[in-house]
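# Architecture and fold: a report
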Amino acid sequence: MAATVELIAAPWNLGLRPPAPGREPGTWRAPQALLSAGLEARLRPDRVVELDRPPYAFDAQPATRIRNGVTLREQTLRLGEAVQAALAASRFAVVLGGDCSIVLGCLLGARRDGRCGLVHLDGHSDFRHPGNYDAGSSLGSAAGMDLALATGRGELLLTHWPTVGRPLVADEDVIQIGDREDGEAPPLTRFTAQEIQQLGVADLGERVISRLEQRGLDRVWLHLDLDVLDEHVLPAVDSPGRPGLDFPQLAELVATLVGTGRVVGLDLAIYDPERDPDGVYAAPIVDCLAAALTPLATVEAHA
């Protein structure tokens, strides 16, 4: 039985700091750029849901030290409802962001149907929280905190949720892949960018699946920050870097994980069309995602 797809556009940039004074980050443009590059035609979804673009606040919001924190909570709840509805209809949810904070809404929607693990593909750990920085000295940006928030570290505003409570996902149910940063290593199963170069994608896929089996995780959400790609392959992201994967490696890894039938959905984040004024990179992103989701033609979608 082929799995059907639901596309959910989450056009926001709430979790990022301004790239320049008075200028909004451009990641909110990514969903439309990818749809215009043919993603809908390639994936042939049963349904396309387009959420409204939320307003971006340059100044701190009341009672939070997280940039756009109040708006982020509102949008996370809305995205959670959309993801929950897609999964309840036995569709594979593909959420187009936006910045990495969208993973909170994705997990919230998935968790309302029970336990759900997280495979977090990202060139950074996104593990900033009040325990490792001075929250009083600067506003926190949720795109660099999403993994910490998802595991219950940080303000209750973005860690405690209706029905689910806190955390969205247990440390033991997270696998982080692609981090190229030095410094504090999160207390999670982790494969760094440097380790991936040594292991190769095939071996990495086997190890990730083994960990999912060990944890008894038959429902997993896949977070895909495109800065896990090497900056020579995709520079049009918020924080490009190297080393990283190339498009064929990323497609192979995601296809391997999707082919297990354990992945209930994925989100795609951090592509910034404003850093790609000639539209060079939208098509290879679409090609990569279409190739990565080829196994959905044969595996049954998990509710």
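Along every chain, residues carry numbers that run from 1 in the direction the sequence is written. This being a predicted model, a pLDDT of at least 70 is required before a residue's local features are given, and a value of 80 or more before pairs of side-chain atoms are given or counted; all residues contribute to the totals for chains, interfaces and linings. To obtain the side-chain values, all non-hydrogen atoms of the structure were included, while hydrogens and water were left out.

An unreviewed UniProt entry annotates the chain as Arginase of Streptomyces gelaticus. UniProt positions are given in the numbering used here, feature names are shortened, and annotations may be inferred rather than shown by experiment. We quote the UniProt Sequence similarities (unreviewed entry) comment for the chain here in full: "Belongs to the arginase family."

### Some points on the environment of Glu 252
Numbering of helices and strands starts at the N terminus; helices are DSSP runs of H or I of at least 4 residues and strands are runs of E of at least 2. Tracing the sequence through the fold places Glu 252 in helix α8 (residues 247-258). Think of it in three bands: with a 1.4 Å probe and only protein chains considered, a residue is buried below 20% of the maximum accessible area for its type, exposed above 50%, and partly exposed in between. Assessed through its relative accessible area of 39%, Glu 252 is described here as partly exposed. Between the alpha carbons of Glu 252 and Ala 292 there is a distance of 6.4 Å; along the sequence they are 40 residues apart. Contacts are assigned to residue pairs with any non-hydrogen atoms lying within 4.5 Å of each other. With sequence-adjacent residues up to four places away left out, Glu 252 is seen in contact with Val 201 and Ala 202.

### A closer look at the packing of α8 against helix α9 (residues 282-292)
Here the axes come from fitting lines to C-alpha atoms, over the contacting stretch only for helices, and the angles between their N-to-C directions go from 0 to 180 degrees. Look at α8 against α9: their axes get within 8 Å of each other, and the N-to-C directions meet at 30°. Classified by the angle their axes make, α8 and α9 are roughly parallel. With respect to the hand of their crossing, α8 and α9 are arranged in right-handed fashion. Across the interface between the two elements, Phe 247, Leu 250, Ala 251, Val 254, Ala 255 and Val 258 of α8 pack against Pro 284, Ile 285, Cys 288, Ala 291 and Ala 292 of α9. Any residue outside Ala, Val, Leu, Ile, Met, Phe, Trp, Tyr, Cys, Pro, Asp, Glu, Lys and Arg is labelled polar, Gly included; the first ten of those are nonpolar and the last four are charged. For the contact of α8 with α9, the residue count by class is 11 nonpolar, no polar and no charged. Between 65 and 115 degrees an angle is taken as roughly perpendicular, under 35 as roughly parallel, over 145 as roughly antiparallel, and anywhere else as oblique. By convention the crossing between two helices is left-handed if the near helix lies anticlockwise of the far one by an angle smaller than a right angle, and right-handed if it lies clockwise.

### Side note on the pattern of salt bridges
One speaks of a salt bridge when a side-chain nitrogen belonging to Lys or Arg is within 4 Å of a carboxyl oxygen belonging to Asp or Glu. Counting across every chain of the model gives 14 salt bridges. The salt bridge involving Arg 207 is made with Asp 203; its shortest N-O contact spans 3.2 Å. Of the two residues, Arg 207 and Asp 203 both sit in helix α7 (residues 201-215), 4 residues apart, roughly one turn of that helix. By relative accessible area, which is 41% here, Arg 207 ends up partly exposed. For Arg 262, the salt bridge is made with Glu 213, and the minimal N-O distance between the two is 4.0 Å. With Arg 262 in the loop between α8 and β8 (263-269) and Glu 213 in helix α7, the pair connects residues that are 49 residues apart, well separated along the chain. A relative accessible area of 47% means that Glu 213 is categorised as partly exposed. Each of Glu 6, Arg 47 and Arg 91 takes part in a single network of salt bridges with overlapping partners.

### Some points on the sheet that holds strand β3 (residues 91-97)
Here, a strand pair is defined by DSSP locating no fewer than two bridges between the strands. Taking strand neighbours across the sheet as the criterion, the 8 strands line up as β2-β1-β3-β8-β7-β4-β5-β6 in an open arrangement whose pairing is parallel. Since the sheet does not close on itself, it has two edges, and those belong to β2 (47-50) and β6 (189-191), each with one partner. For this sheet the average axis-to-axis angle between neighbouring strands, irrespective of direction, equals 15°. Sheet topology note: the strand β1 (residues 4-10)/β2 ladder contains 4 bridges and is parallel. Residue Ala 9 lies in a different strand from β2, and its bridge partner there is Glu 50. Sheet strands touched by α7: β4 (117-121), β5 (174-177), β6 and β7 (220-225). Its angle to β5, the strand with the most contacts, is close to 165°.

### Details of the side chain of Thr 159
Mapped onto the elements of the fold, Thr 159 is located in the loop between α5 (146-150) and β5. When sequence neighbours within four positions are dropped, the list of residues in contact with Thr 159 reads Leu 149, Gly 152, Arg 153, Gly 154, Gly 165 and Arg 166.

### Comments concerning the layout of surface pockets
Taken as a whole, the largest pocket holds about 650 Å³ of empty space. As defined here, a cavity is a set of points on a 1 Å grid over the protein atoms alone where a 1.4 Å probe fits but cannot get out. A pocket is an open set with protein on both sides within 12 Å along at least five of seven lines, and residues line them when an atom is within 4 Å of a point. Arg 17, Asp 126, Ala 143, Gly 144 and Glu 181 are the residues nearest the centre of the largest pocket, which is lined by 38 residues in total. When the residues that make up the lining of the largest pocket are grouped by side-chain class, the tally is 12 nonpolar, 11 polar and 15 charged. Grid points are joined across faces, edges and corners, and a volume is the space filled by probe spheres set on the points. As a volume, the second largest pocket reaches approximately 290 Å³. Lining the second largest pocket are 13 residues; nearest its centre among them are Arg 42, Leu 43, Arg 44, Leu 293 and Ala 297. Looking at the lining of the second largest pocket, its residues break down into 8 nonpolar, 2 polar and 3 charged.

### Overview of unusual backbone geometry
Between Gly 97 and the following residue, Gly 98, the backbone shows a cis peptide bond with an omega angle of 25°. Residue position: Gly 98 is located in the loop between β3 and α4 (102-111). Pro 243 follows Arg 242 through a cis peptide bond whose omega is 0°. With respect to the helices, strands and loops of the structure, Pro 243 is situated in the loop between β7 and α8. Of note in the backbone geometry, Ala 63 takes a positive phi value of approximately 65° without being a glycine. Backbone geometry places Thr 163, a non-glycine residue, at a positive phi of 70°.

### Focus: the packing of aromatic side chains
Between two aromatic rings, the relevant description is the distance of the centres plus the angle of the planes. Two aromatic rings, drawn from Phe, Tyr or Trp (for Trp, its six-membered ring), form a pair once their centres lie within 6.5 Å of each other, and the interplanar angle then sorts them: stacked below 30 degrees, edge-to-face above 60, tilted otherwise. Inspection of the entire model under this criterion finds 1 aromatic pair. Between Tyr 56 and Phe 58, the ring centres sit 5.1 Å apart and the planes meet at 75°, which makes this aromatic pair edge-to-face. In this structure, Arg 53 is placed above the aromatic ring of Trp 28, and the distance from its NZ or CZ to the ring centre is 3.6 Å. For a ring to carry a charge above it, either NZ of a lysine or CZ of an arginine must fall within 6 Å of the ring centroid while also lying within 35 degrees of the normal to the ring plane.

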